[in-house]
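Fold and contact review
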Amino acid sequence: MSDESQRDRLPEKEPISVALPPSSSSCSSPPSAPEATAKAATLNPPKTNTNYKIISTPQDTSLLPTLAVTLWLGWNGILVGLSLYFLIFANGRERLVILGVCTASLVLPAEFPGKWGEWVGDWMMLGAEKYFGLTTIIENEENLLSHANAINPKCQTQTTKKALIFAFEPHDILPYAVFAFSPTLKRLPGKIGQDGCCLVTSAIFGVPFLRHVYRWVKTYPVDRGTFLGRLKRGESFAFVPGGVQEVIHLETSNNNTSNSEPSNTTANDTNRESDTDANITNINPPFSSQQNDNQTPLTLYLLKRKGFVKHALATGSPIVPVFAFNLDGSYGYYIPRSKVLHRISRAVGVLPLVFWGRFGIPFGIPYPKRIVVVIGEAIDVECEGDSVSEESVDKVHKVFLRELEGLFERHKVEAGYGGRKLKII
């Protein structure tokens, strides 16, 4: 089946470019965006005759996909249960065994046991793809490829093709929907998909067992060295700029347990909708089965999140806005309100809270929500090298916020979020 026959005709946006103030750096904008220095970025009116690339996997919440998600996301509950057993019920010998195993996990390389771990990680990602009935919508695949293939020879920090920064929102309780960027799933084109990975809080890689599981599924710490290193090597990645601070601004409690099992789960839904790696489908089915009548604004903690923009300017790396629908409501939760706890969360990257999901298990796996990840167009950014100005950072950051909000508004009606707005703080 040809690509043309698989795609739906939907409105097009013109390329986004950012006009930056003059810089003392010798870097310049890439040849593919000659107008980048001439005008500020705008949300251009749509044109006709373009394609969204939509890849949709039928949902399957049967035993094997559930086991895969449990092995990936169920470790929070396993570790909490193990800790309670250690403190309350374990005898002296059992405590020594638990301490020894945990110590070994911390000493061994995160990749342990190598190829076997990678195989398990791939299996978990493919199982999660079915469990959540993952749908990805790429608004302009050619736009992403053209940016990824561009090279700016005047940018001294960039010697390879560009890396794309996929800025993913929202965080919610756990931003597990970033697994859509796993190279195992082949959701993104070309080198973007091959290099794809997720950067997550560094705290995860200090937790026994959890550090191995997250490395198996090709995630890495979102520290400065990893972030800049991937940009300089031209390796694209996704991360959540809002971070754990968005969890703090969720409602105090959410006891919504109305997330029932999906009615369309059948034995025949264990594979994608075609024999090809990616089936292009209509946008409506993944949305229409799960309408959301919640009118509460979605809070994104982004006004002060400008560090990633500075790194983008330092390396001339395009920023791509990404939004995940149906991630909210994946868990019921209770968040204690305490300034001390909030300060701790900022320091360690983890917020103390209680949450529960499918089967009502504390710290367990999410409800089987049908996740839809929408990927917008890349935002061109000039390379300023070591001379990044605050004015440039502010300008690009404002463009990103506008494009992210535009992405949400373009898709929210089909997603069942018609009455909701983004609240960016």
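Residues numbered from 1 in each chain as written. Predicted model: local features only at pLDDT ≥ 70, side-chain atom pairs only at ≥ 80, totals over all residues. Heavy atoms only, no water.

**Regarding the packing of helix H2 (residues 63-73) against helix H5 (residues 115-131)**
The condition that has to hold: To get an axis, fit a line to the C-alpha atoms, keeping to the stretch in contact for a helix; angles then go from 0 to 180 degrees between the N-to-C directions. Put simply, DSSP H or I for four residues or longer makes a helix, DSSP E for two residues or longer makes a strand, and each gets a number counted from the N terminus. Angle categories are assigned with fixed cut-offs, so that under 35 degrees is roughly parallel, over 145 is roughly antiparallel, 65 to 115 is roughly perpendicular, and the rest are oblique. Take the far helix as the reference: if the near one is turned anticlockwise from it by less than a right angle, the crossing is left-handed, and if turned clockwise, right-handed. Contact between two residues is taken to exist if any of their heavy atoms lie within 4.5 Å; hydrogens are not considered. Amino acid classes used here: Ala, Val, Leu, Ile, Met, Phe, Trp, Tyr, Cys and Pro are nonpolar; Asp, Glu, Lys and Arg are charged; the rest, including Gly, are polar.
Close contact between H2 and H5 brings their axes to 8 Å; oriented N to C, the two are set at 120 degrees. Overall, the two elements H2 and H5 adopt an arrangement that is oblique. Seen from above, H2 lies across H5 with left-handed handedness. Residues Leu64, Pro65, Thr66, Leu67, Ala68, Val69, Leu71 and Trp72 of H2 form the contact with H5, whose participating residues are Val120, Trp123, Met124, Met125, Gly127, Ala128, Lys130 and Tyr131. A per-class count over the contact of H2 with H5 returns 13 nonpolar, two polar and one charged.

**What about the pairing of strand S10 (residues 319-325)?**
For the record, the criterion: A 1.4 Å probe rolled over the protein chains alone gives each residue an accessible area, and that area as a share of the maximum for its type sets the label: buried under 20%, exposed over 50%, partly exposed in between. Here, a strand pair is defined by DSSP locating no fewer than two bridges between the strands.
By the criterion of burial, S10 is predominantly enclosed, with seven of the seven residues buried. Burial along S10 is two-sided: Ile319, Pro321, Phe323 and Phe325 and Val320, Val322 and Ala324, pointing in opposite directions, are all buried. Bridge count between strand S4 (residues 165-169) and S10: five bridges; the pairing is parallel. Paired with alanine 167 across the strands is proline 321, a residue of S10.

**A few points about the pattern of salt bridges**
For clarity, the cut-off: Within this document, salt bridges are pairs made up of a side-chain nitrogen of Lys or Arg and a carboxyl oxygen of Asp or Glu, the two lying within 4 Å of each other.
Under the definition given, this model contains twelve salt bridges. With its nearest N and O atoms 2.6 Å apart, the salt bridge here joins arginine 215 to glutamate 111. In this pair, arginine 215 sits in helix H8 (residues 210-216) while glutamate 111 sits in the loop between helix H4 (92-107) and H5, placing the two residues 104 residues apart along the sequence. Across the pair arginine 187 and glutamate 129 runs a salt bridge whose closest N-O atoms are separated by 2.7 Å. Taken together, the positions of arginine 187 in the loop between S4 and helix H7 (190-195) and glutamate 129 in helix H5 put the pair 58 residues apart, joining distant regions of the chain. Through salt bridges with shared partners, one network takes in Arg230, Arg233 and Glu235.

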